[in-house]
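Each chain, written out:
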Amino acid sequence: MATLVALISGILFGLGLAVSAMIDPAKVIGFLDVAGAWDPSLAFVLAAAVGVTAVGYALLKKRDKPVLESKFRIPSRRDIDAPLLIGAAVFGVGWGLVGLCPGPAIAGLAVGLRESVVFAAAMVAGMALYRFTPFGK
């Protein structure tokens, strides 16, 4: 049952990304270009995502345990370390340069976007190379 719920959630997430045009690199780059031809439309997508998440967390706090699990698995670490900062920087630079991040890239694969294929290949290569860094050991 948990696998089915995860599949349905992933499909719904991918559809949301496609409908909101988050899988279109040009649309995302237009949003990130605040000093040029800024396209603020994705700000509404981000605001809606924050709103839905806030409601979800409010409902979550009222539960003793998840519906399909025996307990909540909430990360306890709160420190900010080098791997976190480096990862966030690489993610942000990559998103700004190509207009894709992993979620939209995978959703774009479902519709055959060429950019998503190239991005996904580079992402897999990056994950493989990570094993050879000091952080991946």
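Let's shift gears to helix H4 (residues 82–98). The end-to-end C-alpha distance of H4 is 24 Å, a good match for the 24 Å that 17 residues give at a rise of 1.5 Å each. For H4, the capping residue at the N-terminal end is Asp-81, with a side-chain oxygen 3.2 Å from the backbone nitrogen of Leu-84. Two residues or fewer after H4 comes Gly-99, characterised by a positive phi angle close to 75°.

One non-glycine residue with positive phi stands out, namely Ala-21, at about 70°. Structurally, Ala-21 can be placed in the loop between helix H1 (2–19) and helix H2 (25–32).

Another point: the confidence of the model for the protein. A residue-level look at the protein finds 100% of positions with pLDDT of 70 or above and a mean pLDDT of 89. Of all secondary-structure elements in the protein, the lowest mean pLDDT belongs to H2, at 88, while helix H3 (residues 41–60) reaches the highest, 92.

Below, the discussion takes up the environment of Lys-65. Examined against the element boundaries, Lys-65 turns out to sit in the loop between H3 and H4. Every residue in contact with Lys-65, bar those within four places of it in the chain, is listed here: Ser-70 and Phe-72.

For the rest of this paragraph, the subject is the layout of surface pockets. Estimates place the volume of the largest pocket at around 660 Å³. Along its surface, the largest pocket is lined by 22 residues, and Gly-87, Val-90, Phe-91, Met-123 and Gly-126 are the ones closest to its centre. Breaking the lining of the largest pocket down by element, the ones donating at least two residues are H4 and helix H6 (114–130). Taken together, the residues of the lining of the largest pocket break down into 17 nonpolar, four polar and one charged. Computed from the structure, the second largest pocket encloses a volume of approximately 330 Å³. Secondary structure elements with two or more residues in the lining of the second largest pocket: H1 and H3. It is H3 that provides the largest number of residues to the lining of the second largest pocket, a total of six residues.

Below, the discussion takes up the pattern of salt bridges. Inspection of the entire model under this criterion finds four salt bridges. Residue Glu-69 pairs with Arg-73 through a salt bridge whose shortest N-O separation is 3.1 Å. Classification of Glu-69 as partly exposed rests on a relative accessible area of 37%. Given the relative accessible area of 60%, Arg-73 is considered exposed. In this structure, the salt-bridge partner of Asp-79 is Arg-77, at a minimum N-O distance of 2.8 Å. Judged by relative accessible area, Arg-77 falls into the exposed class, the value being 56%. Each of Arg-77, Asp-79 and Asp-81 takes part in a single network of salt bridges with overlapping partners.

Counting across every chain of the model gives one aromatic pair. Aromatic side chains Phe-31 and Trp-38 sit 6.4 Å apart centroid to centroid with 35° between the ring planes, which places their arrangement in the tilted category. Among the residues examined, Phe-31 registers a relative accessible area of 13% and is labelled buried. Exposure remark for Trp-38: the relative accessible area of 42% places this residue in the partly exposed category.

Further remarks concern the nonpolar core. As a rule of thumb, soluble globular proteins bury nonpolar side chains together. One finds Leu-17, Met-22, Ile-23, Val-28, Phe-31, Leu-42, Trp-95, Cys-101 and Ala-107 forming the largest nonpolar core, which totals nine residues. In this structure Ala-107 touches Gly-14, Leu-17 and Ile-23, once residues within four positions along its chain are discounted.

Rules and cut-offs
- Residues numbered from 1 in each chain as written.
- Predicted model: local features only at pLDDT ≥ 70, side-chain atom pairs only at ≥ 80, totals over all residues.
- Heavy atoms only, no water.
- Helix = DSSP H or I, 4+ residues; strand = E, 2+ residues; numbered from the N terminus.
- Expected span 1.5 Å × (residues − 1).
- Polar contact = N/O pair within 3.5 Å; in protein donor to acceptor, adjacent residues only side chain to side chain.
- pLDDT = per-residue confidence, 0-100.
- Contact = heavy atoms within 4.5 Å.
- 1 Å grid on protein atoms, 1.4 Å probe; cavity = no way out; pocket = protein on both sides within 12 Å on 5 of 7 lines; lining within 4 Å.
- Points joined across faces, edges and corners; volume = space filled by probe spheres on them.
- Nonpolar A, V, L, I, M, F, W, Y, C, P; charged D, E, K, R; others polar.
- Salt bridge = Lys/Arg side-chain N within 4 Å of Asp/Glu carboxyl O.
- Buried < 20%, exposed > 50% of the residue type's maximum accessible area, 1.4 Å probe, protein only.
- Phe/Tyr/Trp six-rings, centres within 6.5 Å; stacked < 30°, edge-to-face > 60°.
- Core = buried A, V, L, I, M, F, W, Y, C linked by side-chain atoms within 4.5 Å.

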